Amino acid sequence: MSSDTTIPRSTQRMLQFDHGAALGISNRWNHGQYCTIMTPAGLVGCGIYDVKIAAEFGQAVAICRGTPAKPLVEPEDLFAAKIVEATPQAQALGIKIGMSGKEAVELLLQASKPV
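Let me begin by describing the structure that accompanies this report. Computed from a predicted structure; not experimentally measured.

Parameters at a glance
Residues numbered from 1 in each chain as written. Predicted model: local features only at pLDDT ≥ 70, side-chain atom pairs only at ≥ 80, totals over all residues. Heavy atoms only, no water. Phe/Tyr/Trp six-rings, centres within 6.5 Å; stacked < 30°, edge-to-face > 60°. Pairing = 2+ DSSP bridges. Helix = DSSP H or I, 4+ residues; strand = E, 2+ residues; numbered from the N terminus. Axes fitted to C-alpha atoms, helices over the stretch in contact; angles between N-to-C directions. Contact = heavy atoms within 4.5 Å. Buried < 20%, exposed > 50% of the residue type's maximum accessible area, 1.4 Å probe, protein only. Right-handed = clockwise from strand over helix to strand, strands pointing away. Expected span 1.5 Å × (residues − 1). Core = buried A, V, L, I, M, F, W, Y, C linked by side-chain atoms within 4.5 Å.

Details of the packing of aromatic side chains
In the structure shown here, the tally under the stated rule is three aromatic pairs. Grouped by ring-pair contacts, the aromatic residues Trp29, Tyr34 and Tyr49 constitute a single cluster.

Some words on the sheet that holds strand S1 (residues 9-17)
Sheet architecture is open: six strands sit in the order S1-S2-S3-S4-S5-S6, paired in mixed fashion. Looking at the sheet topology across the chains shown, the edges are occupied by S1 and strand S6 (83-86). The sheet shows a mean angle of 20° between the axes of neighbouring strands, taken without regard to direction. Pairing of strand S5 (residues 60-64) with S6, which is carried by three bridges, proceeds in the antiparallel orientation. Bridge assignment links Cys64 to a residue of S6, and that residue is Ile83. Along the sheet, helix H3 (residues 101-112) contacts S1, strand S2 (20-29), strand S3 (32-38), strand S4 (42-45), S5 and S6; its crossing angle with S4, the most-contacted strand, is approximately 175°.

A closer look at the pairing of S5
Consecutive side chains along a regular strand alternate between the two faces of the sheet. Taken across its five residues, S5 has five buried, putting it largely inside the fold. Side chains of S5 alternate between two faces, with Ala60, Ala62 and Cys64 and Val61 and Ile63 buried alike. Since S4 and S5 lie parallel, the crossover through helix H1 (residues 51-56) that links them has a hand, and here it is right-handed.

What to know about unusual backbone geometry
In this chain, Ile7 is followed by Pro8 through a cis amide linkage whose omega measures 0°. Mapping Pro8 onto the fold places it in the segment before S1. In the Ramachandran plot, His31 falls in the positive-phi region, its phi being about 65° despite a non-glycine side chain. Mapping His31 onto the fold places it in the loop between S2 and S3.

A look at H3
The α-helix winds at 3.6 residues per turn, so residues separated by three or four positions along the chain end up facing the same way. Between the first and last C-alpha of H3 there are 16 Å, a value that for twelve residues agrees with the 16 Å anticipated at 1.5 Å per step. Regarding H3, the residues found buried are Gly101, Ala104, Val105, Glu106, Leu107, Leu108 and Leu109. On the buried face of H3, the contacting elements are S1, S2, S3, S4, S5 and S6.

Remarks on the nonpolar core
Counting residues in each nonpolar core, the largest one holds 23 residues, and the members touching the most others are Val44, Ile83 and Ile95. Within the residue set of this core, elements represented by two or more residues are S1, S3, S5, S6 and H3. With five residues, H3 is the single largest residue contributor to this core. Counting five residues, the second largest nonpolar core, distinct from the first, contains Leu43, Val51, Ala54 and Ile63.

As structure tokens, then:
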């Protein structure tokens with residue numbers, strides 16, 4: 001986690017996975033935050049994303065949700081968090097409700113590779 005306490009704040013960094021690299025993003029402001037792991041094929045994010053709208057635009061999006069007591073703040077927080085929603089496009093890539101965010105990222109990275 002960044003030691004920078006400036007608000008608002010946006011940070012990003014490349015994260016390494018078994019099937020490649022993805023961009024981890026964290027955005028914070030007073031009383032709020034969201035985080036995302038973005039791949040060429042789609043993203044795993046926190047509950048701020050609207051799955052219905054993402055599906056309408058044909059996007060592969062999988063969602064994890066934090067709680068007020070344990071919010072998802074940094075992209076690494078998504079690794080162990082469970083997928084609770086996914087667009088049909090994400091599900092077509094093998095993403096399932098209940099799998100970990102890290103497992104979902106690995107599937108998105110596999111889908112990103114040229115055939």
